[in-house]
Amino acid sequence: MNIGFIGLGNMGAPMAENLTAAGLNVTGYDPAGVTAKDVAIVSSAAQAAKNADIVITMLPNGDILRAVADEIIPSMAVGATFLDCSTVDVESARQVAEKATAAGLLPLDAPVSGGVGGASAGTLTFMVGGSEAGFATAKSVFDIMGQKAVHCGTSGNGQAAKICNNMILGATMIATCEAFALADKLGLERQAMFDVASTSSGYSWSLNAYCPAPGVGPQSPSDNDYKPGFSADLMLKDLRLSQQAATAVDADTPMGAAATKLYGEFVEQENGSGQDFSAMLPRFAGRNRSQ
Ligand code: NAD
């Protein structure tokens, strides 16, 4: 099987390398001049897409995805699969899918969770929007690059699943961090707070699997000086996409809006950029009620 891979950044390069390691022919393109092991690098996205059975894109945002789609769709073979694994807005995903379908291609939006570690280990989870037929063509590459692929329905639904999930994640992480900061001020040990809440109704992934308090609960980025992990910047990106989508469909998401505002301040005004998203705990712990 021939794969075209466009966008060989932090995520794309290790994903492409897992495909070559599994014996697939991968032709890649990235304007930053980056490379990936055993990937044949070409000098345009159109060239990477030309003879591919599946073209995979792993790009920064919806504007870039749309531009790349306009460039590659005319050079792709009819019947080929256009598999976008970037996290982008639902609207861009649906527009690109419409153009690809009109050109006789099988479009899939398949954003991932699992981060750079999951990309390297081949343990990503894919949330996939698109046709059953498209999903079937991509199954073998999902199996190589990931541990799980969930078909979420029509085009755009992969992105919808990703941003709804991450809106829960952002809101629960903030709730968990502010609860620890309140517990501190009430004189409650963090370990005691964890022991109670993690086995009670305060239970969540943010607390139980990714505890933001260093030295408490399982190993997490808090135990590594809040080095990401999943950066506050990427959480802010996903939360903003959730609010863009909520505005488009007139959905009331007050907790998502509050989380977006807090991560926006943290990343853009409070040195949160480059820190893990769980570094909200030292942020809250260092503040008082009037700030
Ligand atoms: P990145 O910035 O490291 O990589 C993006 C790559 O796209 C860069 O190498 C860039 O040069 C390339 N690019 C830019 N414009 C291009 C163009 N016109 N044609 C071809 N390539 C182009 O970002 P990343 O961390 O690899 O993330 C990629 C996507 O995956 C993003 O949408 C991100 O939100 C999503 N994501 C990232 C993570 C993570 O932990 N890094 C986790 C889940 C999802």
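Scroll up to find the structure this text is about.
### Re the pairing of strand E9 (residues 146-153)
Argument step 1. As judged from the six bridges shared by strand E8 (residues 124-130) and E9, these two strands associate in the parallel manner. Bridge pairing links Phe126 to Ala149 in E9.

### Topic: the packing of helix H10 (residues 232-249) against helix H11 (residues 254-269)
Argument step 1. One can describe the packing of H10 onto H11 by two numbers: an axis separation of 9 Å at closest approach and a directional angle of 145°. Helix-helix and strand crossings are classified by hand; for H10 and H11 the assignment is left-handed. Along the contact surface, H10 presents Ala232, Asp233, Met235, Leu236, Leu239, Arg240 and Gln243, while H11 presents Gly256, Ala257, Ala259, Thr260, Tyr263, Gly264, Phe266, Val267 and Glu268.

### Thoughts on the environment of Glu132
Argument step 1. Secondary-structure assignment places Glu132 in helix H6 (residues 132-145).
Argument step 2. Each C-alpha atom of the pair Glu132 and Gly153 lies 8.3 Å from the other, and the pair is 21 residues apart in sequence.

### Points about the pattern of salt bridges
Argument step 1. This model, assessed by the stated rule, comprises eleven salt bridges.
Argument step 2. Here Asp89 ties to Arg66 by a salt bridge, and the two come within 3.9 Å at their closest N and O atoms. Of the two residues, Asp89 is situated in the loop between strand E5 (81-84) and helix H4 (90-102) and Arg66 in helix H3 (residues 62-72); the sequence distance between them amounts to 23 residues.
Argument step 3. Residue classification places Asp89 among the buried positions, given a relative accessible area of 11%.
Argument step 4. The shortest N-O distance in the salt bridge between Lys261 and Glu265 comes to 3.1 Å. In this pair, Lys261 and Glu265 are both assigned in helix H11, four residues apart and thus about one turn of the helix distant.
Argument step 5. Salt bridges here are not isolated pairs; linked through shared partners, they connect Lys261, Glu265, Glu270, Arg283 and Arg287.

### Brief notes about the site of the ligand
Argument step 1. By nearness alone, 22 residues border the ligand, and Asn10, Met11, Asp30, Leu59 and Lys237 come closest of all.
Argument step 2. One of the backbone nitrogen or oxygen atoms of Leu59 is found 2.8 Å away from an oxygen atom of the ligand.
Argument step 3. Contact between the ligand and Lys237: an oxygen atom at 2.8 Å from a side-chain N or O atom of the residue.
Argument step 4. Notes on the ligand: free accessible area 830 Å², of which the protein chains cover 81%.

### Side note on H10
Argument step 1. The end-to-end C-alpha separation of H10 is 26 Å, in line with the 26 Å expected for 18 residues at 1.5 Å each.
Argument step 2. Taken together, the buried positions of H10 are occupied by Ala232, Met235, Leu236, Asp238, Leu239, Leu241, Ser242, Gln243 and Ala246.
Argument step 3. Looking at the packing, one finds that the buried side of H10 touches helix H7 (157-185) and H11.
Argument step 4. One or two positions beyond H10, positive phi appears at Asp250, with a value near 55°.

### Description of the nonpolar core
Argument step 1. Counting 30 residues, the largest nonpolar core has Phe180, Cys211, Met235, Tyr263, Phe277, Met280 and Leu281 as the members making the most contacts within it.
Argument step 2. Among the elements of the structure, H7, helix H8 (190-197), H10, H11 and helix H12 (280-285) are those that each provide at least two residues to this core.
Argument step 3. In this view, Cys211 contacts Phe180, Phe194, Ser206, Val216, Gly217, Pro218, Ser220 and Ser222; residues no more than four positions away in its chain are not counted.
Argument step 4. Membership of the second largest hydrophobic core comes to 29 residues, among which are Val26, Cys85, Val128 and Met145.

### Observations concerning the environment of Ser200
Argument step 1. When you line up the elements, Ser200 lands in the loop between H8 and helix H9 (205-208).
Argument step 2. For the pair Ser200 and Lys37, spaced 163 residues apart in the sequence, the C-alpha separation amounts to 47 Å.

Here is what the cut-offs are and how they apply
- Residues numbered from 1 in each chain as written.
- Predicted model: local features only at pLDDT ≥ 70, side-chain atom pairs only at ≥ 80, totals over all residues.
- Heavy atoms only, no water.
- Pairing = 2+ DSSP bridges.
- Helix = DSSP H or I, 4+ residues; strand = E, 2+ residues; numbered from the N terminus.
- Axes fitted to C-alpha atoms, helices over the stretch in contact; angles between N-to-C directions.
- Left-handed = near helix turned anticlockwise from the far one by under 90°.
- Contact = heavy atoms within 4.5 Å.
- Salt bridge = Lys/Arg side-chain N within 4 Å of Asp/Glu carboxyl O.
- Buried < 20%, exposed > 50% of the residue type's maximum accessible area, 1.4 Å probe, protein only.
- Near = heavy atom within 4 Å.
- Polar contact = N/O pair within 3.5 Å; in protein donor to acceptor, adjacent residues only side chain to side chain.
- Areas by Shrake-Rupley, 256 points an atom, 1.4 Å probe, with all protein chains shown as cover.
- Expected span 1.5 Å × (residues − 1).
- Core = buried A, V, L, I, M, F, W, Y, C linked by side-chain atoms within 4.5 Å.

Spatial relationships are all this shows, so hold off on functional conclusions.
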